[in-house]
Amino acid sequence: MGEETSTDAAPAVGENRISAEAEVVETAEEVPKRAMDSDVESTTSDGIPQYLYDAIDKLAPGEGFTPGQFKVAFEPGSGKGDGFVGEMFRAYIREADRELIVLCKIPPRNEARRRQFGSLAIFEREVMAYSKFLPAMYEFQRERGVTEELKLGFFNAPKCYYATHEESLEQSLVVMDDLRLEGYRMWNKLVPVNYEHVRLMMIKLGKLHAVSFAMKDQRPEVFEQFKVPDPMAAAMSQNEPFQQVMLSSLDRAMGLLEPDETKTREKLQKLRENLMSDLVKMSESTAAEPYAVLGHGDCWVNNMMYLYQNGVPKEMVMVDWQICRYVSPVLDLVYFLFCCTDEQFRRQHYDDMIRTYYASLKELLEKLGGDATRQFPYTALLRQLRRFGRFGLIMAVFVIPVLCMENADIPDLDQQAEKFKETQEVNMSAFMTTGKAELKYRNRMGGVIRDMVKFGYL
């Protein structure tokens, strides 16, 4: 892995391309291949839940396969470190010379891990997103003449073939397109995201939030179902391992301060004293009204996939809708900008990215028949940033350590959950960085703290 991408100045055309050190993730484990039947089918009996087979049996006929005539094979669909609260399997549906490849996402099969991360609640939310929220948003835009073909609106989620949630059985499943087959790739999480990728993200977030503003004003009866609380905030405030991780992570970040940074230390200590209650309050819609929207909720780089043309990102899709909730639009912005970029980037481009986001929101909202000046003026966005900006710090203390670790160094989450079940103690040492990773952590986390102070968010 090379050095991190420089952001000393606005990048030239060549700098927007995928550099060697910022190469998109494309490992042998992650990129789908048309494997031989014997290679793939060897994994189909290796603990694959029966309800995955049942789901494929239900959806396949709708995709043109003959009941009783097609075959199904599974293989792992993601690599270590790609996610925390779910497992992915790639399903190959074959009949004669025809093949459909889809991704199947389920809660962790390990019971301790399911409990520790509250997986079922957030899987239920993702099923709602794919079965209710996203289809309603797409239909509303089409009614206003903003169709997929025009590439003006928000249609940036994977195609969903099947989604179900059975609380009593502790079963949940989302079956979706395998975007890698269409050429989409993940950014390398070890490298801060560069200008063109961040700019594209800001444009898409602006469009996503614009649909909320339009619907809540023009279709309030339809939008009412979108007003869902954060599926994690309340549960996490009572979740002992989560609290241990957050407090320990914040303590680690505070350890980066110099002895003379007393005012910043005092501000961080005050944040620490009310951390969990503050997190819950920032995740409540009442604090954001009248500007609350349905946000994506988990805007870190592993949940974004990019499509390239000549090495330049031209399109992107947001995956993992498990924490979508009705909150301030600022939460999505500061989550991504403070976790996935670095201090140097924000020094050069932060204001530009906020303006890019707002211009995108304003443009689509007006195309949908709304009025940004009335519904979400730019001054309101700036006030929301000052009010909710520290959310970026709270997420950064949790996310940045993971962004600085090689996937191979991330501890086995099943083992960690089992150990907590036995000891009621989270082994934080397993998440500590060393060597180059520690240097990256110190630079990125220190930059977040400095920028929180500079922007007046802390």
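Report follows, based on the coordinates. (Residues numbered from 1 in each chain as written. Predicted model: local features only at pLDDT ≥ 70, side-chain atom pairs only at ≥ 80, totals over all residues. Heavy atoms only, no water.)

Things to note about the overall build of the chain
Along its length, the chain carries 17 helices and 10 strands. Within the chain, contacts between residues at least 6 apart in sequence are counted, and of these 76% link residues at least 24 apart. (Helix = DSSP H or I, 4+ residues; strand = E, 2+ residues; numbered from the N terminus. Contact = heavy atoms within 4.5 Å.)

A short note on unusual backbone geometry
Cis geometry is adopted by the peptide bond preceding Pro290, which originates at Glu289 and carries an omega value of 5 degrees. Secondary-structure assignment places Pro290 in the loop between α10 (275-282) and β7 (293-295). Even without a glycine there, the phi angle at Lys151 is positive, about 55 degrees. In this structure Lys151 comes out as exposed when scored by relative accessible area, which is 65%. At Asn310, a residue that is not glycine, the phi angle is positive and equals roughly 55 degrees. Note on placement: Asn310 falls in the loop between β8 (304-309) and β9 (312-318). (Buried < 20%, exposed > 50% of the residue type's maximum accessible area, 1.4 Å probe, protein only.)

Thoughts on the layout of surface pockets
The volume enclosed by the second largest pocket comes to roughly 480 Å³. Forming the walls of the second largest pocket are 24 residues, and the residues nearest its centre are Tyr138, Glu148, Phe155, Asn156 and Ala157. Considered class by class, the residues forming the lining of the second largest pocket number 14 nonpolar, 2 polar and 8 charged. (1 Å grid on protein atoms, 1.4 Å probe; cavity = no way out; pocket = protein on both sides within 12 Å on 5 of 7 lines; lining within 4 Å. Points joined across faces, edges and corners; volume = space filled by probe spheres on them. Nonpolar A, V, L, I, M, F, W, Y, C, P; charged D, E, K, R; others polar.)

Brief notes about the pattern of salt bridges
Considering all chains together, one arrives at 22 salt bridges under this definition. A salt bridge links Arg219 to Glu143, with the shortest nitrogen-to-oxygen separation between them at 3.9 Å. With Arg219 in the loop between α5 (195-218) and α6 (220-223) and Glu143 in helix α4 (residues 119-143), this pair connects stretches of sequence that are 76 residues apart. Taking the relative accessible area as the measure of exposure, Arg219 reaches 28% and is therefore partly exposed. For Glu143, a relative accessible area of 45% puts it in the partly exposed group. It is possible to trace a salt-bridge network through shared partners that takes in Glu75, Arg90 and Asp178. (Salt bridge = Lys/Arg side-chain N within 4 Å of Asp/Glu carboxyl O.)

So, the environment of Ser249
Note on placement: Ser249 falls in helix α8 (residues 240-254). Along the primary structure Ser249 and Phe398 are separated by 149 residues, whereas in three dimensions their C-alpha atoms are 6.2 Å apart. A distance of 2.6 Å separates a polar side-chain atom of Ser249 from the backbone oxygen of Val245. (Polar contact = N/O pair within 3.5 Å; in protein donor to acceptor, adjacent residues only side chain to side chain.)

Considerations on the sheet that holds strand β6 (residues 185-186)
The strand order across the open sheet formed by 3 strands is β6-β8-β9, and the pairing between neighbours is antiparallel. Two strands lie at the open edges of the sheet, namely β6 and β9, each paired on one side alone. Taken together, the 6 bridges between β8 and β9 define a ladder with antiparallel strand orientation. Following the sheet pairing, Met305 is matched in β9 by Val317. Those strands touched by α5 are β8 and β9, and its axis lies near 40 degrees from that of β9. (Pairing = 2+ DSSP bridges. Axes fitted to C-alpha atoms, helices over the stretch in contact; angles between N-to-C directions.)

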